[in-house]
Amino acid sequence: MSGRLDGKVALVTGGTSGIGAGTVRRLAAEGAQVVFTGRNIGAAREVAGSTSATFVPHDVTDAAAWPALMAQIGHDFGRLDIAFANAGSEQGDGSVEDIAIDGWNTVISVNQTGAMLTVQHAIRSMKANPEGAIGSIIVNSSMNAHRAMGNFVAYSVSKAAVVALAKSAALHCGNQGYRIRVNAILPGVVETAMIKNLIDSSADPAAMRAGYEGMSPLKRMGNVEEIAALVAYLGSDEASFISGSEIVIDGATTAGMMGL
Amino acid sequence: MTAQQEIGQRSRRLEGRVALISGGLRGIGLAVAERYLAEGAEVVLSDLDDPESDVASQTLARLGQAASYLKADVTSEADWERARDHVKERHGKLHILVNNAGTDLTGPVETLALEAWRKIMAINVDGVFLGTKVFVPMLAESGMDFRGGSSVINISSIMGLVGYSEVSAYNASKGAVRLFTKGIAVEFASKKMPIRANSIHPGFVLTPLLNAGFQRWVDAGFAEKPSDLVDTMAATTPIGRLADPSEIAGAAYFLASEDSSYMTGSEVVVDGGWTAQ
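Undergrad: Sorry if this is basic, but what is going on with the overall build of chain B here?
TA: Helix and strand content of chain B: nine helices and seven strands. Against the compact-globule benchmark of 19 Å for 277 residues, chain B has a radius of gyration of 18 Å, which places it among compact chains. Along the three orthogonal principal directions, the C-alpha set of chain B runs to about 50 × 40 × 40 Å. Residue burial in chain B is summarised as follows: out of 277 residues, 51% are buried. Taking as baseline every contact in chain B between residues at least 6 positions apart, the subset at least 24 positions apart corresponds to 74%.

Next up, the structure:
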């Protein structure tokens, strides 16, 4: 790989699987020193074992645990250049009519509050970089920010919310004169282990797979590496004038009408 | 060596690809050409200047053997067909089409001449349509050469996303480019044609077109000197400055490369936070 991220230090939340793990691999391959967090120690071991990345067990919703995580990154690596607010959940989600308050609270706290805490602490750490406040923060939203799902109300709401989070943070950094960029990415359906499990455990896996693949006019899901490549671009200095943007990466799913 | 060329030296990830860039002699188009060449691509530039003109001959001499130049008016279908013949003859293929040529028009809507309206639509909208129309067969054929396929990159604007006083004609033309891009993206994907299509929406970029526009505002008495307008634009941009053309070229490189293989029908806004406000 090009070494485009040589000398940069990156944090990836929810880095033990899916888009997060793919991004850990990509950022490390491009020369970044990567710290990734999550709750699945077993999966983390596999990612850490096959890359140069460092795993720190951490729950994004645990506000009290954030300062220690950032202090550790500061101590071990001396700076922070890239933060990918990726950790997400849809556990307990449902329709607005049926969702239980616990499910709502879980999804909102991980997807929305967890992302806010990631951005907040990333900005505070990036301000302490030796050359002044500089860095790139990427928030993982979803195409569902624009096309809500009837059966996933909390997921849809939280993914729309974090687009506003990214824009608000970008404007704040601009107002303060920080050279910290903040952007959101909005992936379509990505073939992660979570989606594969959903397909395999459904009553009719072939129909379910066809349903996911058929959302994009390309008739396929995205893959993890394709999303990771966008994160790497936004994290690099090549994207130096991109801030406050929301970048859709969905194989034209929302360029037209989904599934048509 | 510029930072962009340095990045290119490390990766050269467009090796084997051929790109056509309309409006390639200046500003964003020229920066895209330089970046693609640094990444190992072969590049054809088109613009309105005579090949013997100083700007064309000096630019081509500097860009080297991998670049060629063709005088072509983007509003003319016959000129696009000549461009296609030139590309076919010289390279036999095309992987990247950057519809970059554009012009501007400002003024209160009630004062705009119909001819001026038609001219900006012809350059900014017809030009994108014709370039796409004429090159689609070649892009489809060449799209099998690389993962991610061929790439059409249309240069729209932040003015294709939000309205602005006395910019209505330019707003309309760039808005058309935005949605034309989504239309062809869905069309190519649903027909299994290996061509992706995306739009780039630059904010305020230090280009000759911007300078010319600022000079007109100075002549009209809105400011004392162009640099005052640059300062005003920088102050209204969250990042606090205008873009360098190479920063738009970075997005055009990403959209041309395999790295964006799942991106089609997307908008890449490169505006330093201007439209996030």
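Now that the structure is up, let's keep going.
Undergrad: Quick question: what am I supposed to make of the overall build of chain A here?
TA: Regarding its fold elements, chain A presents eight helices and seven strands. Taken over the C-alpha trace, chain A has a radius of gyration of 18 Å; the compact-globule value for 260 residues is 18 Å, and the two agree within 12%. Seen through its C-alpha atoms, chain A measures out along the principal axes to roughly 55 × 35 × 35 Å. Here chain A holds 260 residues, and the buried ones make up 53% of them. The contacts of chain A with a sequence gap of at least 6 include a subset with a gap of at least 24, amounting to 71%.

Undergrad: Looking at this structure, how should I read the interface of chain A and chain B?
TA: Bring the parts together and some accessible area is lost; that lost area is often taken as the interface size. Each side of the interface is counted separately: chain A has 29 residues, and chain B has 29 residues. Counting residues per element, the side of chain A that touches chain B draws most heavily on helix α5 (residues 153-176) of chain A, at four residues. Partitioned by chemical class, the residues of the side of chain A that touches chain B number 14 nonpolar, eleven polar and four charged.

Undergrad: I would appreciate a short explanation of helix α3 (residues 66-77) of chain A in the present structure.
TA: Residues that lie three or four places apart on an α-helix share one face, since the helix turns once every 3.6 residues. Residue and element names in this part refer to chain A. Between its first and last C-alpha atoms α3 spans 16 Å; for twelve residues at 1.5 Å apiece the expected length is 16 Å, and the two agree. All buried positions along α3 are accounted for by W66, L69 and I73. Buried residues of α3 fall within an arc of 70° about the axis and therefore sit on the same side. Turned more than 90 degrees off the buried face of α3, the exposed positions are P67, A68, A71 and H75. Once α3 ends, the next one or two residues include G78, with phi positive near 80°.

Undergrad: Hey, could you run me through the sheet that holds strand β4 (residues 96-99) of chain B in this one?
TA: Consider a sheet: its strands pair through backbone hydrogen bonds, and that pairing is either parallel or antiparallel. Residues and elements named next belong to chain B. Strand order in the open sheet formed by seven strands is β3-β2-β1-β4-β5-β6-β7, and the pairing between neighbours is parallel. Edge strands, defined here as strands with exactly one partner in the open sheet, are β3 (67-71) and β7 (267-270). Looking at each pair of strands side by side, their axes are set apart by 20° on average, direction ignored.

Undergrad: What exactly am I supposed to notice about the environment of R79 of chain A here?
TA: Of note, R79 of chain A is situated in the loop between α3 and β4 (82-85). Sequence-distant contacts of R79 of chain A, defined by excluding residues within four places in its chain, comprise V9, N129 and P130 of chain A.

Undergrad: What is the right way to look at unusual backbone geometry in this model?
TA: Only a minority of non-glycine residues have a phi that is not negative, and only a minority of peptide bonds are not trans. One non-glycine residue, A252 of chain A, lies in positive phi territory at about 70°. Tracing the chain through its elements places A252 of chain A in the segment after β7 (246-249). With 28 C-beta atoms packed within 10 Å, A252 of chain A lands in the buried category. A positive phi is found at K192 of chain B, a non-glycine position, where the angle reads about 60°. With respect to the helices and strands, the residue K192 of chain B is situated in the loop between α6 (168-190) and β6 (195-202). Owing to 10 C-beta atoms within 10 Å, K192 of chain B belongs among the exposed residues under this scheme.

About the cut-offs
- Residues numbered from 1 in each chain as written.
- Chains lettered and ligands numbered in written order.
- Predicted model: local features only at pLDDT ≥ 70, side-chain atom pairs only at ≥ 80, totals over all residues.
- Helix = DSSP H or I, 4+ residues; strand = E, 2+ residues; numbered from the N terminus.
- Rg over C-alpha atoms; globule rule 2.2 N^0.38 Å.
- Buried ≥ 20, exposed ≤ 12 C-beta atoms within 10 Å, placed from the backbone.
- Contact = placed C-beta atoms within 7 Å.
- Nonpolar A, V, L, I, M, F, W, Y, C, P; charged D, E, K, R; others polar.
- Expected span 1.5 Å × (residues − 1).
- Arc of directions from axis to C-beta.
- Pairing = 2+ DSSP bridges.
- Axes fitted to C-alpha atoms, helices over the stretch in contact; angles between N-to-C directions.

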